[in-house]
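Summary of the model geometry
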Amino acid sequence: MKQIEATQAHVEILMRLQSIETESARLEKKLGGVEAQTEVQCKRLNELEEELEIAEATLASEKKRYATIEEELAELNLRITKSTENLRVISNAKEYQVLKREVDDNTKRVSEMEDVLVSMIEELEGLEKGVADVSRQRDDEKEKIDSIVQEIRNATTEERDALSAMVKEKEEISGQVPKALFEHYEKLLTTTNRLAVVKVSAGVCYGCFMNIPPQLYIEIQKSGGLHHCPQCHRILFCDA
Ligand SMILES: [Zn+2]
């Protein structure tokens, strides 16, 4: 390992950074749990949103179908009126017959289409009621969820404030540590199960609970700086 310059104050800052790291992780886990809980609550709301979307799409497509039939019906009625007018002036019996049959067929068709429209009005009313029902249920659920989310937020205000204060502090103090030392510490965090800096007391490393060589202990007590446990390689800190 290349020589990294560090004073006792630097190691103290690393200690603080590490407690911030541990505490932040704990709070993030807690807030993450709260987030997951909110998502579970939102499941019913999402289902209702989907249901509403489908109901609205069905209603829109049926309305469109109704309008198309209505249009066709108007055209057909227009044709019947014209043909009826023509019937009055036709003198040829065969032509009269053909046109008369056409008028009769179209009149029958108009009556069938009118029946379809009548039955569709009922259907459309049902679909509209369905949309209104689901929409109301969705609104109720949304209101419920909003209040639950607000409640959860209020209950975690302290945690969220603490977390953002720690993020700010971390930013401030990590800049006070030499870059090489900070990188060394971050790397150690990953290899030591997030415990890179540990106390050494009465010659015992509090990372692995083994005795460190007496000479090393004296050195740490005397001059501080950057020292590592020979067993677990953590940075040792002595506050006595
Ligand atoms: Zn150790």
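Shown above is the structure to which this text applies.
Residues numbered from 1 in each chain as written. Predicted model: local features only at pLDDT ≥ 70, side-chain atom pairs only at ≥ 80, totals over all residues.

**Considering helix α4 (residues 179–191)**
Between its first and last C-alpha atoms α4 spans 19 Å; for 13 residues at 1.5 Å apiece the expected length is 18 Å, and the two agree. Downstream of α4 by one or two residues, Asn-193 has phi in the positive range, about 55°. (Helix = DSSP H or I, 4+ residues; strand = E, 2+ residues; numbered from the N terminus. Expected span 1.5 Å × (residues − 1).)

**Overview of the sheet that holds strand β2 (residues 204–205)**
Strand order in the open sheet made by the three strands is β2-β1-β3, with mixed pairing throughout. Each edge of the open sheet is held by one strand with a lone partner, namely β2 and β3 (235–237). Of the pairings in the sheet, the one linking strand β1 (residues 197–201) to β2 comprises two bridges and is antiparallel in character. Its bridge partner being in β2, Val-200 is matched across the sheet by Cys-205. (Pairing = 2+ DSSP bridges.)

**A short note on the packing of helix α1 (residues 8–89) against helix α3 (residues 157–174)**
As a packed pair, α1 and α3 sit with axes 10 Å apart at the nearest point and diverge in direction by 150°. The orientation of α1 relative to α3 falls into the category roughly antiparallel. As α1 runs across α3, the sense of the crossing is left-handed. Between α1 and α3, the contacting residues are Ile-13, Arg-16, Leu-17, Ile-20, Glu-23, Ser-24, Leu-27, Glu-28, Lys-30 and Leu-31 on the first element and Glu-159, Arg-160, Ala-162, Leu-163, Met-166, Glu-169, Lys-170, Ile-173 and Ser-174 on the second. (Axes fitted to C-alpha atoms, helices over the stretch in contact; angles between N-to-C directions. Parallel < 35°, antiparallel > 145°, perpendicular 65-115°, else oblique. Left-handed = near helix turned anticlockwise from the far one by under 90°. Contact = placed C-beta atoms within 7 Å.)

**Topic: unusual backbone geometry**
A negative phi angle characterises most non-glycine residues, just as the trans form characterises most peptide bonds. One non-glycine residue, Arg-194, lies in positive phi territory at about 60°. On the secondary structure map, Arg-194 appears in the loop between α4 and β1.

**Quick word on the nonpolar core**
Of all hydrophobic cores here, the largest spans 20 residues; its most connected members are Val-11, Leu-14, Val-197, Val-200, Ile-235, Leu-236 and Phe-237. The element contributing the most residues to this core is α1, with four residues. Apart from residues lying up to four places away in sequence, Ile-235 is in contact with Val-11, Leu-14, Leu-188, Ala-196, Val-197, Leu-226 and His-228. (Core = buried A, V, L, I, M, F, W, Y, C linked by C-beta atoms within 7 Å. Buried ≥ 20, exposed ≤ 12 C-beta atoms within 10 Å, placed from the backbone.)

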